[in-house]
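Architecture at a glance
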Amino acid sequence: MGRGRRHRGRSQRNQLEDSKENVRKPLKSDASFDSNIQNRTWSNLDFEEYYKEQRIVKAEEWDSFMDILRKPLPAAFRVNSNGQFCDEIRSILENDFVKSLQAEAIESGELEAIKPLPWYPKNLAWHSNFSRKEIRKNHTLERFHEFLKLETEVGNMTRQEAVSMVPPLFLDVHPDHFVLDMCAAPGSKTFQLLEIIHETSEPGSLPNGMVVANDVDYKRSNLLIHQTKRTCTTNLMVTNNEGQHFPSCNSKRTLSIASEIYHHTIDQLLFDRVLCDVPCSGDGTLRKAPDIWRRWNSGSGNGLHSLQVVLAMRGLSLLKVGGRMIYSTCSMNPIEDEAVVAEILRRCGCSVELVDASDKLPRLIRRPGLKKWKVHDRGGWYRCYKDVPKSQRDGILKSMFPSGRSDKDSTNGGNSYEEMASISSDESAEEVCDLPLERCVRILPHDQNTGGFFIAVLHKVSPLPEIQEKLNQRRNLSTRNRKSSYEAVSDTVVTKSEEGAQEIVLEESSASDNNGLKPPEKESTSKEGIIELAQELDENGKRKVPPVQGKWKGLDPVVFLRDETVIHGIKTFYGIKDESFPLYGHLVTRNSDTSSKGNVKRIYYVSRSVKDVLELNSAVGQKIKIASVGLKMFEKQSARECEANSCSFRITSEGLPVILPYMTKQILHATMVDFKNLLLHKSIKFSDFVIPQFGHKAAELALGYCVVVLDDGTQKLGSEPVKVNSSTIAIGCWKGKASLTVMVTTIDCHQLNQRLSDTKSLNV
Ligand SMILES: C[S@@+](CC[C@H](N)C(=O)[O-])C[C@H]1O[C@@H](n2cnc3c(N)ncnc32)[C@H](O)[C@@H]1O
């Protein structure tokens, strides 16, 4: 059991393989050069000229900087802190692999042992540096590689670039926070955020907070959904809005008739924390994506600057006063980094502060943000905006310069926000920004053998200036049509105006297999499909609750399951009491036909926080485009299985850890020997169990889904809920007429069996 368990179907694996950028290939060592890579170009003169001119490192460091960029990136991975076997895995890394590899390194003088990242808390993140050739030659490395492969496959470990692990650690997330991850796919940082949200939760208890993981790109969101499945969380909503237009769902502002009909407890969606990890040119990832050497030019950074500004501004609008936002990129380019931060500080005036994060993660080597830089395009270098010819001003914006001023601004004195930044006294010299940009965090590859990264921590101290809110809206509108060089942006979905809140679009949409996710399509604009809720009156002249339909074409609607027969059937069969684990109001489906005779196949459980946001979203006319929500907890059994019992839904592997503490029926307690036999043989006749009483108890259960809990001596048998703690091990099984059959994937059975063999402390 535990959060680490999940199924992984073939189609999902194929999707993973099909994915393109930013998604790691499964466990081929990053450090391995195959002949293909060796033949690639590992230089780009424009890149060298650009960064020399920007002085991102001192002249005497230049060679070390360039040398490391041409070396492959060490593989980095994290032990999932919510995984059930987190402590065991860390101990295997520290005591088994580190020691064996160190001994061998001393003997041969060649190998570098795997190492924990010194700045990552609790020794939970590691990196290793070896090639495939070395794996083939060394038995311990081969064993380590297999271990990493298996633990990643079953969800106990995650591959993630070291520097990409930093932003969630700077965000200071608490379990009761509402967190928005604005540009979230493929989801490695979302995974970390969820781990923090769940950090202090006892098994079965749900935190008050939640994460909204948004990404405009449907395919990449699908990867995120797959990746975060392993967290077994009910506190996640995956959305497909454009970040710069992410709705705040202000139900007070929208004159929505729907808000009279839908009950909602929060009246606006504001966040305690926002992670704004924007699309960028990505030259900090050169070591893992050497193709960038060939493609690099200064235009990509310039082309993304304004999108990055509007994304960050929207993030700040959605942030609660007192909240914190991280702006981050994996680019080393000041136009995408400091220039964006300077522009948002100018726009927000005193309402937003740049936080000095130098006391955070003291062992992480970082450099201060730049205070001066220049802008480059095909026409050459510009030191200030007034040098930019009129013909170039479409592409080169004044916000890209350290002062953020045009010539005209400086003669007129600028506006009150822009006065915060000034140009140096010598007008003809290079501009220097006097905002405290040194508080930004630059991570350079040669400092600790990583990729490059940029982070700014922002604190909202008061509401954004009203004028700025209006400007944001105008700028958002104008960027809506502007083409960005980032390919994902070309996929933008046209969103509706505020009036959309009054409309519900009646679009036919059928059930899909992936929590409502289907290929992306535009929000439906079919006129025939739109009905005004005001027209929907019943025979007594009262407004009827509208039929729930999908507003977003291509995505199934999220519908609360209200069917008493289904809910009662589940509660009775599994012995779940409402007061301990409320189902009503927390179950949703992605199919508008929720009658018991209808074709509801999957039922998702949502936390209280997610429920509140869903209700608010209904009230404002479904402005949030929801790709996936909650945790798949129940799945319809096959027709033959259904015949067997009164409840036609079985519990999913990912749902089991959450619901098990509240189940009082369909539970068996097995000794180690019978438990291991089940994992090994998958199906065992009642008469063949080693402990005959176990076989008898199994035979007495109702036909259908049941749970087998490994008995560690602490369980009281009877109708009490199972005493679940972090070391409880349980699997879902099918109780047939004569046998018990395991309903867990082969790889999960294998991994669990191995873990049980390794864990000597368990009672056998
Ligand atoms: C640097 S990646 C994010 C990586 C992610 N935070 C992680 O840790 O796995 C940037 C993401 O922004 C998304 N994106 C691009 N334009 C966007 C927009 N206008 N709104 C929201 N997401 C956008 C891209 O699809 C891409 O997945």
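Here the residue numbering is sequential within each chain, running from 1 through the sequence in written order. The predicted origin of the model limits local features to residues at a pLDDT of at least 70 and limits the giving and counting of side-chain atom pairs to 80 or more, whereas totals for whole chains, interfaces and linings rest on all residues.

Quick word on the overall build of the protein chain
This is how the line gets drawn: By definition, any uninterrupted DSSP run of H or I lasting at least four residues is a helix, any uninterrupted run of E lasting at least two residues is a strand, and each is numbered from the N terminus. Neighbour counting defines burial: a residue surrounded by 20 or more other C-beta atoms within 10 Å of its own C-beta is buried, one with 12 or fewer is exposed, and intermediate counts give partly exposed, using backbone-placed C-beta atoms. Contacts are defined on C-beta atoms placed from the backbone: any two residues whose C-beta positions lie within 7 Å are in contact.
The helix and strand tally for the protein chain stands at 24 helices and 28 strands. Looking at the protein chain as a whole, 49% of its 764 residues are labelled buried. Considering only contacts in the protein chain between residues 6 or more positions apart, those separated by 24 or more positions represent 78%.

Some remarks on the confidence of the model for the protein chain
Here is the rule: Per-residue confidence from the predictor is given as pLDDT, running between 0 and 100.
Looking at the protein chain, pLDDT values average 81 and 74% of them are 70 or higher. Counted against residues more than four places away or in other chains, residues 2–35, with its pLDDT under 50, gives 65 contacts. Throughout residues 410–427 the model reports pLDDT below 50, and contacts reaching past four residues in sequence, or to other chains, amount to 33 contacts.

Comments concerning the UniProt feature "active site" (unreviewed entry) in the protein chain
For the record, the criterion: UniProt positions are given in the numbering used here, feature names are shortened, and annotations may be inferred rather than shown by experiment.
Taking the numbering used here, the UniProt-annotated feature "active site" (unreviewed entry) corresponds to Cys330. In this structure, Cys330 sits in the loop between β9 (319–329) and α14 (338–348). Ignoring anything within four residues of it in the chain, the contact list for Cys330 reads Cys280, Gly282, Gly284, Thr285, Gly451, Gly452 and Phe453.

Here we look at the sheet that holds strand β27 (residues 730–735)
For clarity, the threshold we go by: Pairing between strands is defined by DSSP: at least two bridges between them are needed. Angles run from 0 to 180 degrees between N-to-C directions of axes, and those axes are lines fitted to C-alpha atoms, restricted for helices to the stretch in contact.
With mixed pairing, five strands are arranged side by side in an open sheet as β24-β26-β27-β28-β25. Whereas interior strands pair on both sides, the edge strands pair on one side only; in this sheet they are β24 (667–670) and β25 (683–685). Put simply, the sheet's adjacent strands are angled 30° from each other on average, direction ignored. Bridge count for β27 against strand β28 (residues 739–742) is three bridges, and the pairing is antiparallel. By the bridge assignment for β28, Lys735 is matched with Leu740.

A word on the domain arrangement of the protein chain
Worth spelling out the cut-off: Domain start and stop points were drawn from an automatic or database domain assignment. Side-chain classes follow a simple rule in which Ala, Val, Leu, Ile, Met, Phe, Trp, Tyr, Cys and Pro form the nonpolar group, Asp, Glu, Lys and Arg form the charged group, and the remainder, Gly included, forms the polar group.
The domain architecture assigned to the protein chain consists of domain 1 (10–32 + 74–160), domain 2 (165–491), domain 3 (514–636) and domain 4 (664–758). The interface is formed by 19 residues belonging to domain 1 together with 17 residues belonging to domain 2. No other element matches helix α1 (residues 10–18), which puts three residues into the side of domain 1 that touches domain 2. Of the residues belonging to the side of domain 1 that touches domain 2, the class tally is seven nonpolar, ten polar and two charged.

Here's the deal with unusual backbone geometry
Cis geometry is found at the peptide bond from Ala185 to Pro186, where omega equals 5°. Checked against the element boundaries, Pro186 lands in the loop between β5 (178–181) and α9 (188–197). Even without a glycine there, the phi angle at Cys249 is positive, about 55°. Mapped onto the elements, Cys249 comes out in the loop between β7 (236–239) and α11 (258–261). Here the phi dihedral of Leu361 falls at roughly 45°; this positive angle occurs in a residue that is not glycine. The topology assignment puts Leu361 in the loop between β10 (352–354) and β11 (367–368).

What to know about the nonpolar core
Our working rule: Here a nonpolar core is just a set of buried residues of the types Ala, Val, Leu, Ile, Met, Phe, Trp, Tyr and Cys, joined wherever their C-beta atoms sit within 7 Å.
In this structure, Cys276, Leu316, Val341, Ile344, Ile455 and Val708 are the most contacted members of the largest nonpolar core, which totals 186 residues. Ranked by residues supplied to this core, first place goes to helix α13 (residues 298–317) with eight residues. Residues contacting Ile344, with those up to four places away along its chain left out, are Val309, Ala312, Met313, Leu316 and Val352.

So, the environment of Pro186
For Pro186, a count of 25 C-beta atoms within 10 Å corresponds to the buried category. Put simply, Pro186 and Asp748 are 562 residues apart on the chain and 24 Å apart in space, counted from C-alpha to C-alpha.

Some words on the packing of α13 against α14
So the rule is basically this: Each angle gets one of four labels, with under 35 degrees taken as roughly parallel, over 145 as roughly antiparallel, 65 to 115 as roughly perpendicular, and the rest as oblique. Rotating anticlockwise by less than a right angle from the far helix to the near helix defines a left-handed crossing, while the corresponding clockwise rotation defines a right-handed one.
Remark: α13 packs on α14, axes separated minimally by 9 Å, with the N-to-C direction vectors making an angle of 45°. The pairing of α13 with α14 is recorded here as oblique in orientation. In the crossing of α13 with α14, the sense of the turn from one axis to the other is right-handed. Listed contacts from α14 to His305, Gln308, Val309, Ala312, Met313 and Leu316 of α13 are Ala339, Val340, Glu343, Ile344, Arg347 and Cys348. Classifying every residue of the contact of α13 with α14 by side-chain character gives eight nonpolar, two polar and two charged.

Re the pairing of strand β26 (residues 704–710)
Side-chain direction in a regular strand flips from residue to residue, so the side chains alternate between the two faces of the sheet. The buried count for β26 comes to seven of seven residues, which makes it a mostly enclosed element. Pairing of β24 with β26, which is carried by four bridges, proceeds in the parallel orientation. What sits directly across from Ile667, in β26, is Val707. Bridge analysis of β26 against β27 gives six bridges, and the strand direction is antiparallel. Bridge pairing in β27 places Tyr705 opposite Trp734.

Here's the deal with helix α19 (residues 608–619)
Basically, it comes down to this: Expected helix span is taken as 1.5 Å per residue step, with the number of steps being one fewer than the number of residues.
Helix length check: α19 (twelve residues) gives 17 Å between terminal C-alpha atoms against 16 Å at 1.5 Å per residue, within 8%. Positioned one or two residues after α19, Gly621 has a phi angle of 85°, which is positive.

Things to note about the sheet that holds strand β23 (residues 649–651)
In a beta sheet, neighbouring strands pair by backbone hydrogen bonds and run either parallel or antiparallel. Pairing within the open sheet is antiparallel, and its five strands lie in the order β18-β19-β20-β22-β23. Either end of the sheet is taken by a strand with one partner, and the two such strands are β18 (559–560) and β23. Pairing between β18 and strand β19 (residues 587–589): two bridges, direction antiparallel. Bridging across to β19, Val559 finds its partner in Thr589.

A few points about α13
Put simply, the rule reads: Bend at a residue means the angle formed by two fitted axes: the first through the 7 residues ending at that position, the second through the 7 residues beginning there.
Compared with the 28 Å implied by 1.5 Å per residue over 20 residues, the 30 Å span of α13 between its first and last C-alpha is a close match. Along its length, α13 reaches its greatest deviation from straightness, about 35°, at His305. Most of α13 sits out of view: 19 of its 20 residues are buried.

Things to note about the pairing of β28
On β28, burial follows the alternation: Leu740 and Val742 on one face are buried, whereas Ser739 and Thr741 on the facing-out side are not. In the sheet, β25 pairs with β28 via three bridges, with the strands oriented antiparallel. Residue pairing in the sheet places Ile684 in a bridge with Leu740 of β28. Taking the residues between adjacent antiparallel strands as the criterion, β27 and β28 are bridged by three residues.

Re the UniProt feature "binding site: S-adenosyl-L-methionine" (unreviewed entry) in the protein chain
Per the UniProt record, "binding site: S-adenosyl-L-methionine" (unreviewed entry) is annotated on Cys183, Ala184, Ala185, Pro186, Gly187, Ser188, Lys189, Asp215 and Asp277. Spanning 95 residues, the named residues form one tight spatial group whose C-alpha atoms are at most 12.9 Å apart. Position of Cys183 relative to the elements: it lies in the loop between β5 and α9. The residues touching Cys183, leaving out its near neighbours within four places in the chain, are Asp215, Gly243, Cys276, Asp277, Val278, Pro279 and Leu311.

Examining the environment of Gly187
Tracing the chain through its elements places Gly187 in the loop between β5 and α9. Judged by C-beta crowding, with 27 C-beta atoms within 10 Å, Gly187 ranks as buried. As for Gly187 and Lys553, which are separated by 366 residues in sequence, their C-alpha atoms are 24 Å apart.

A short note on the packing of helix α22 (residues 672–681) against helix α24 (residues 746–758)
The contact between α22 and α24 brings their axes to 9 Å, and the two run at 150°. On the basis of the axis angle, α22 is roughly antiparallel to α24. For the crossing formed where α22 meets α24, the hand is left-handed. Along the contact surface, α22 presents Met672, Lys676, Leu679 and Leu680, while α24 presents Cys749, Leu752, Asn753 and Leu756. Of the residues that constitute the contact of α22 with α24, the class distribution is six nonpolar, one polar and one charged.

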